[in-house]
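Examining the three-dimensional arrangement
Letter by letter, the chains look like this.
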Amino acid sequence: MARKKIALIGSGMIGGTLAHLAAKKEMGDIVLFDIAEGMPQGKALDLSQCGPVEGFDAKITGSNDYADIAGADVVIVTAGVPRKPGMSRDDLLGINLKVMKAVGEGIKNNAPDAFVICITNPLDAMVWALREFSGLPHNKVVGMAGVLDSARFATFLAWEFECSVKDVNAFVLGGHGDTMVPVKSYTTINGIPVDDYAKIKGVSASRIDEIVDRTRKGGGEIVGLLGNGSAYYAPATSAISMAEAYLGDQKRILPCASYVEGKYGLDGLYVGVPTVIGAGGTEEVIEIELSDEEKGNLKVSTDAVEELLEACKGLDSDLA
Ligand code: A3D
């Protein structure tokens, strides 16, 4: 059987980490694409030379030509610019929207059968725009955020309870940003609801609230510490788990920015919801019962996403 092909659009910090992980896991041959000349080729060469040491078989190439992503089974998109000091949210939206247009056309013309995972921020708006520009079916375009946000929540809970991260099943819904909704009612420590476990361990409700708040601001905390750039190890490994679910038809239930139509009272929006990922792409959005407070929080989050989509429509007439 021919090897799978994984195309990475954007070969910066996350793109390079994605390539390393995909190669180590022998998920397939890898193409690193970027508009920066030489950089993806250089990273591809460097990463290829990990092969003999780490013992993986994967052909890794760098490219500035979309023709080289032809026939990709999975495309992971990190292309774009991060927000810089003095840049407004709308400035960032405008710049990355143009990037999504170029990337969407590149995918449409060269890899229309791929499963596409978007990571570029602002995530929920960019995955929506990428889907619009690429014209791919909604089930083949998804955003990565919930796996990462849930992993952050799980990490902080495991530290607090001094338990294994393997026993924490954390659950985050909604848009990717400060309005995301860490859902305590579905978060368990090996099946024990988090609030019950907190009582057993003598951890106060206010301490759990602090952890929820830290989760919401988890990306910003890392940006502040790094001083230049944003998180890349955990975002990359999160997207790889989604790619593996697709390539292996695993039917995993992962929180992803999926297209939601009809469920959660939403009508055609990409937002973080539990999603079955298998060979059909995003095969099903799971609608769970939420408390009134959780519903209210989700509404705040989805309203913020809708506002961004309106801004996108104002910036590009093709989206209106
Ligand atoms: P960075 O290291 O700057 O890499 C981005 C790459 O995109 C650079 O190499 C650019 O040259 C390239 N690029 C710019 N324009 C284009 C274009 N038109 N076509 C192809 N390539 C282009 O950033 P990064 O890898 O650290 O982050 C990438 C994106 O992920 C950013 O938008 C981040 O905000 C976002 N991000 C999202 C999450 C989520 O959880 C959703 C987490 C962390 C980062």
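Residues numbered from 1 in each chain as written. Predicted model: local features only at pLDDT ≥ 70, side-chain atom pairs only at ≥ 80, totals over all residues. Heavy atoms only, no water.

Some points on the confidence of the model for the protein chain
Selection rule: How sure the predictor is of each residue is captured by pLDDT, a score from 0 to 100.
Of the residues in the protein chain, 99% have a pLDDT of 70 or more, and the chain-wide mean is 95. This prediction of the complex comes with two scores: 0.97 for pTM and 0.99 for ipTM.

Let's talk about the packing of aromatic side chains
The geometry of an aromatic ring pair comes down to the distance between the two centres and the angle between the two planes. Inclusion rule: The pairing test for Phe, Tyr and Trp rings, Trp by its six-membered ring, is centres within 6.5 Å, and the orientation test on the planes gives stacked under 30 degrees, edge-to-face over 60, and tilted for anything in between. Strands here mean DSSP runs of E at least two residues long; helices mean DSSP runs of H or I at least four residues long; both are numbered from the N terminus. Burial classes: relative accessible area under 20% of the type maximum marks a residue as buried, over 50% as exposed, and values in between as partly exposed (1.4 Å probe, protein chains only).
Counted according to the given criterion, the structure contains seven aromatic pairs. With a centroid separation of 4.5 Å and 20 degrees between ring planes, the pair formed by Phe115 and Tyr246 is classed as stacked. Of the two residues, Phe115 is situated in strand β5 (residues 115–118) and Tyr246 in helix α10 (residues 233–247); the sequence distance between them amounts to 131 residues. For Phe115, a relative accessible area of 0% gives the class buried. Ring centres of Phe161 and Tyr197 lie 5.0 Å apart, and the angle between their planes is 80 degrees; this geometry places the pair in the edge-to-face category. With Phe161 in helix α6 (residues 146–161) and Tyr197 in helix α7 (residues 194–201), the pair connects residues that are 36 residues apart, well separated along the chain.

Things to note about the sheet that holds strand β10 (residues 188–189)
Short version of the rule: If DSSP finds at least two bridges between two strands, the strands pair.
In spatial order, the strands read β7-β10-β11; together these three strands make up an open sheet with antiparallel pairing. Both edges of this open sheet fall to β7 (168–169) and β11 (192–193), since each of them pairs with a single strand only. Direction of pairing for β10 relative to β11: antiparallel, over a ladder of two bridges. By the bridge assignment, Thr188 is partnered in β11 with Pro193.

With respect to the UniProt feature "active site" (unreviewed entry) in the protein chain
Test applied: UniProt positions are given in the numbering used here, feature names are shortened, and annotations may be inferred rather than shown by experiment. The criterion used for residue contact is that any of the two residues' heavy atoms lie within 4.5 Å.
Taking the UniProt record as the reference, the feature "active site" (unreviewed entry) is found at His176. One can find His176 in the loop between β8 (172–173) and β9 (181–182). According to the relative accessible area criterion, His176 is partly exposed, its value standing at 26%. Residues contacting His176, with those up to four places away along its chain left out, are Asn121, Leu123, Asp124, Ala145 and Asp149.

Examining the pattern of salt bridges
Heads up, the rule is: Each salt bridge in this description consists of a side-chain nitrogen of Lys or Arg and a carboxyl oxygen of Asp or Glu lying within 4 Å of one another.
Scanning all chains against the criterion turns up 17 salt bridges. Arg3 is paired through a salt bridge with Asp29; the nearest N and O atoms lie 2.8 Å apart. Linking Arg3 in the segment before β1 (5–9) with Asp29 in strand β2 (residues 29–33), this pair joins segments that are 26 residues apart in sequence. A salt bridge links Glu283 to Lys251; its shortest N-O distance comes to 3.0 Å. Of this pair, Glu283 sits in strand β14 (residues 281–285) while Lys251 sits in the loop between α10 and β12 (252–261), and the two are 32 residues apart along the sequence. In this structure Lys251 comes out as partly exposed when scored by relative accessible area, which is 42%. Each member of the salt-bridge network shares a partner with another, and the members are Lys101, Asp316 and Asp318.

What about the domain arrangement of the protein chain?
For clarity, the threshold we go by: An automatic or database domain assignment provides the domain bounds reported here. Here the quantity called buried area is the total loss of accessible area, with a 1.4 Å probe, experienced by two parts when brought into contact, counted for both. For this analysis, a polar contact is any N or O atom pair within 3.5 Å, provided that within protein one partner can donate a hydrogen and the other can accept it, and provided that sequence-adjacent residues contribute only side-chain to side-chain pairs.
According to the domain assignment, the protein chain contains domain 1 (5–144) and domain 2 (146–313). In this structure, domain 1 and domain 2 have C-alpha centres spaced 22 Å apart. Taken together, the contact pairs 36 residues of domain 1 with 36 residues of domain 2. Counting each side, the surface lost to burial between domain 1 and domain 2 is near 3,100 Å², with a carbon and sulfur contribution of 76%. At the junction of domain 1 and domain 2, the tally comes to one salt bridge. Taken together, the connections running from domain 1 to domain 2 amount to seven residue pairs in polar contact (both at pLDDT 80 or more). Taken together, the elements giving at least two residues each to the side of domain 1 that touches domain 2 come down to α1 (13–24), β4 (74–77), α4 (89–110), β5, α5 (123–134) and β6 (141–143). If you tally residues by element for the side of domain 1 that touches domain 2, the top one is α5, at seven residues.

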